[in-house]
Amino acid sequence: MMRRAAGLTCASLLLFLLLPSAGLGLQWPESTDRIEDASFWRMFSEFSEPSGFFQSDNLISNERTFPAIVPQIASLHSAQSGYVGVGPEQNFSYLAALRPRIAFIVDIRRQNAILHLLYKALFELAPNRADFVSRLLSRPRPRGLGSASGVGDLFAAFAGVPPSPRLFEANLKEIQSRLVEKHRFALNEEDLGALKYVYSAFFEAGPALQYSYGSSRRGRPFPTFAELMTATDDQGIARSFLAREESYGTVREMQRRNLIVPVVGDFAGTRALKSVAAYLGGRGFTATVFYASNVESYLFRNDDWRIFYGNVSALPFDRRSVLIRSVFGGFGGAGADYPGTGRPGSLQIDPLEDLAAAYRRGEISSYGDLLARAK
């Protein structure tokens, strides 16, 4: 049975009803198809918790196997879908597939929220994929790229283009202006410093940027940004948000309507996930996809997992809702004690309704219990 807050009683409570659902013929009035800038910033501020520590900058993902599950994520789309995720750009590929009404990216690091604000500005400024990559990497756009260009061709074209300090400075100024002056987001000096830092990483490393940038984890066989964006499934189909103009356009439209809200929060915190759950449930949305990466493995180092699954249980999910879990067994890191669990960054899809029920029955008390659910 669906677990959600009481339904809305009148049309006025559609308040933040959001993105038109492609293929469903739904057209929302202009006044209710977006979140206003002031409301977006208030949600970011009020839902967020104090910034916490993580061992890496994690400016890009390290999970190259994501294309395999994108078709299944796409099949979960509904008119009331909401999305909750963690970390950097991998969320965009899932969002392009799911086409939810709203998304929240909850991460313990404020720097990740600033990274998503950087992405927000870039999506808004770039009408197409080639312009987006050009702005993101501060490299002049090569000739010959168009809407029909494959993602492999896109990154091959940029591979030999050197970074431009002039473009970097001009783009950074435009990004800051868009966030602070146009949207009137109250970024402080520390936030602006973080914005410049994360943007500098893409300028310096370009398509070769890795998860380990700026950390002591250098030397690991992490995929590059270009490799992630061009990764394919077993049929050789690329499924990143940059694989097709349509996918890019889906995410861009969400960004333009303020429908991807970054939140600073610990999965085992007392505010962030509970605030997201209350927002989704109070507006009749369903948490259709919760992308948790491998955060659960860290929570089992102490009793934080109990708080997390309590937070998960508060989300308004139904029988189709899923949690996406990445496993790094045999690769080092948090999953090193569980070898034989697949390729680095292997992904498991766990039905949220079943997961919450197993937690309530006391069937989950270790990370191994979670992994056993997928066997």
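Residues numbered from 1 in each chain as written. Predicted model: local features only at pLDDT ≥ 70, side-chain atom pairs only at ≥ 80, totals over all residues. Heavy atoms only, no water.

Caption draft 1: Summary view of the pattern of salt bridges. Overall, the coordinates contain 15 salt bridges when judged by the stated rule. Residue Glu-253 is joined to Arg-257 by a salt bridge in which the shortest nitrogen-to-oxygen separation is 2.7 Å. The partly exposed category is assigned to Glu-253, whose relative accessible area is 22%. Relative accessible area serves as the criterion here: at 11%, Arg-257 is assigned to the buried category. Arg-306 is the partner of Asp-303 in a salt bridge, and the nearest nitrogen-oxygen pair spans 3.9 Å. Salt bridges linked by common partners bring Glu-296, Arg-325, Asp-350 and Arg-373 together as one network. (Salt bridge = Lys/Arg side-chain N within 4 Å of Asp/Glu carboxyl O. Buried < 20%, exposed > 50% of the residue type's maximum accessible area, 1.4 Å probe, protein only.)

Caption draft 2: Structural detail: the confidence of the model for the chain. Averaged over every residue, the pLDDT of the chain is 87; the share at 70 or more is 84%. Overall, residues 330–343 carries pLDDT values under 50, and its contacts beyond four positions in sequence, including any with other chains, amount to 27 contacts. (pLDDT = per-residue confidence, 0-100. Contact = heavy atoms within 4.5 Å.)

Caption draft 3: Here's a closer look at the layout of surface pockets. Its boundaries defined by the atoms lining it, the second largest pocket holds a volume of some 210 Å³. Lining the second largest pocket we find 13 residues, and of these Val-70, Ala-96, Ala-97, Arg-244 and Ser-247 sit closest to its centre. Among the elements of the structure, helix 2 (70–74), helix 3 (90–98) and helix 10 (245–256) are those that each provide at least two residues to the lining of the second largest pocket. Grouping the amino acids of the lining of the second largest pocket by side-chain chemistry returns five nonpolar, four polar and four charged. (1 Å grid on protein atoms, 1.4 Å probe; cavity = no way out; pocket = protein on both sides within 12 Å on 5 of 7 lines; lining within 4 Å. Points joined across faces, edges and corners; volume = space filled by probe spheres on them. Helix = DSSP H or I, 4+ residues; strand = E, 2+ residues; numbered from the N terminus. Nonpolar A, V, L, I, M, F, W, Y, C, P; charged D, E, K, R; others polar.)

Caption draft 4: Local environment of the sheet that holds strand 4 (residues 286–293). Ordered by their spatial adjacency, six strands build an open sheet running 3-2-1-4-5-6, and the pairing between neighbours is mixed. Whereas interior strands pair on both sides, the edge strands pair on one side only; in this sheet they are strand 3 (260–264) and strand 6 (346–351). Averaged over all pairs of adjacent strands, the angle between strand axes in this sheet comes to 20°, irrespective of strand direction. Note that strand 5 (residues 322–327) and strand 6 share six bridges and pair antiparallel. Directly across from Ile-324, in strand 6, lies its bridge partner Ile-349. (Pairing = 2+ DSSP bridges. Axes fitted to C-alpha atoms, helices over the stretch in contact; angles between N-to-C directions.)

Caption draft 5: The arrangement of the nonpolar core in detail. In terms of nonpolar packing, the biggest core is built from 117 residues, with Tyr-94, Phe-104, Phe-132, Phe-225, Leu-242, Phe-267 and Phe-290 touching the most fellow members. Looking at this core, the element that brings in the most residues is helix 4 (residues 110–125), giving 10 residues. If sequence neighbours within four positions are ignored, Tyr-94 has contacts with Phe-66, Ile-69, Val-70, Ile-73, Tyr-83, Tyr-291, Ile-324 and Leu-347. (Core = buried A, V, L, I, M, F, W, Y, C linked by side-chain atoms within 4.5 Å.)

Caption draft 6: Here's a closer look at the packing of aromatic side chains. Here the structure, examined in full by the defined rule, presents 31 aromatic pairs. Centre to centre, the rings of Phe-155 and Phe-225 are 5.8 Å apart; their planes meet at 70°, and the pair counts as edge-to-face. Taken together, the residues Phe-155 in helix 6 (residues 151–159) and Phe-225 in helix 9 (residues 225–229) connect sequence positions 70 residues apart. Ring centres of Phe-290 and Phe-308 lie 6.0 Å apart, and the angle between their planes is 75°; on these two criteria the pair is classed as edge-to-face. A residue pair is termed long-range when its members are at least 10 positions apart, and Phe-290 in strand 4 and Phe-308 in helix 13 (residues 304–313) qualify at 18 residues. Across this residue pair, the class does not change: Phe-290 and Phe-308 are buried. An aromatic cluster is defined as three or more aromatic residues linked by ring pairs; in this entry it consists of Phe-92, Tyr-119, Phe-123, Phe-132, Phe-155, Phe-202, Phe-225, Phe-241 and Tyr-248. Over the aromatic face of Phe-40 sits the side chain of Lys-120, whose NZ or CZ is 5.3 Å from the ring centroid. (Phe/Tyr/Trp six-rings, centres within 6.5 Å; stacked < 30°, edge-to-face > 60°. Lys NZ or Arg CZ within 6 Å of the ring centre and 35° of its normal.)

Caption draft 7: A look at unusual backbone geometry. Despite not being glycine, Arg-99 has its phi angle at roughly 55°, a positive value. Relative to the elements of secondary structure, Arg-99 occurs in the loop between helix 3 and strand 2 (102–107). You can call Arg-99 partly exposed: its relative accessible area is 23%. Here the phi dihedral of Ser-138 falls at roughly 55°; this positive angle occurs in a residue that is not glycine.

Caption draft 8: Quick look at empty space enclosed by the protein. Per the stated rule, a full pass over the model turns up one cavity of 30 Å³ or more. The computed volume of the largest cavity comes to approximately 40 Å³. In this structure, the largest cavity is lined by Phe-40, Ile-105, His-116, Leu-117, Lys-120, Gln-255, Ile-260, Val-261 and Pro-262. Secondary structure elements with two or more residues in the lining of the largest cavity: helix 4 and strand 3. A breakdown of the residues in the lining of the largest cavity according to their chemical character gives six nonpolar, two polar and one charged.

Caption draft 9: Quick peek at the packing of helix 5 (residues 129–137) against helix 8 (residues 189–205). Packing of helix 5 against helix 8 brings their axes to within 7 Å, and their N-to-C directions diverge by 105°. When the interaxial angle is binned, helix 5 and helix 8 end up roughly perpendicular. Contacts from Arg-135, Leu-136 and Leu-137 of helix 5 reach helix 8 at Tyr-199, Phe-202 and Phe-203. Its residues placed into classes, the contact of helix 5 with helix 8 shows five nonpolar, no polar and one charged. (Parallel < 35°, antiparallel > 145°, perpendicular 65-115°, else oblique.)

Caption draft 10: Quick peek at helix 3. Of all nine residues making up helix 3, nine are buried, and the element is well covered by its neighbours. Restricting attention to buried positions, one finds in helix 3 the residues Gln-90, Asn-91, Phe-92, Ser-93, Tyr-94, Leu-95, Ala-96, Ala-97 and Leu-98.

Caption draft 11: Structural detail: the packing of helix 7 (residues 165–182) against helix 8. Relative orientation of the contacting elements helix 7 and helix 8 amounts to 145°, with a least axis distance of 11 Å. In terms of crossing hand, the pair formed by helix 7 and helix 8 is right-handed. Across from Pro-165, Phe-168, Asn-171, Leu-172, Ile-175, Gln-176, Leu-179 and Val-180 in helix 7, the residues of helix 8 making contact are Leu-192, Leu-195, Lys-196, Tyr-199, Ser-200 and Phe-203. (Left-handed = near helix turned anticlockwise from the far one by under 90°.)

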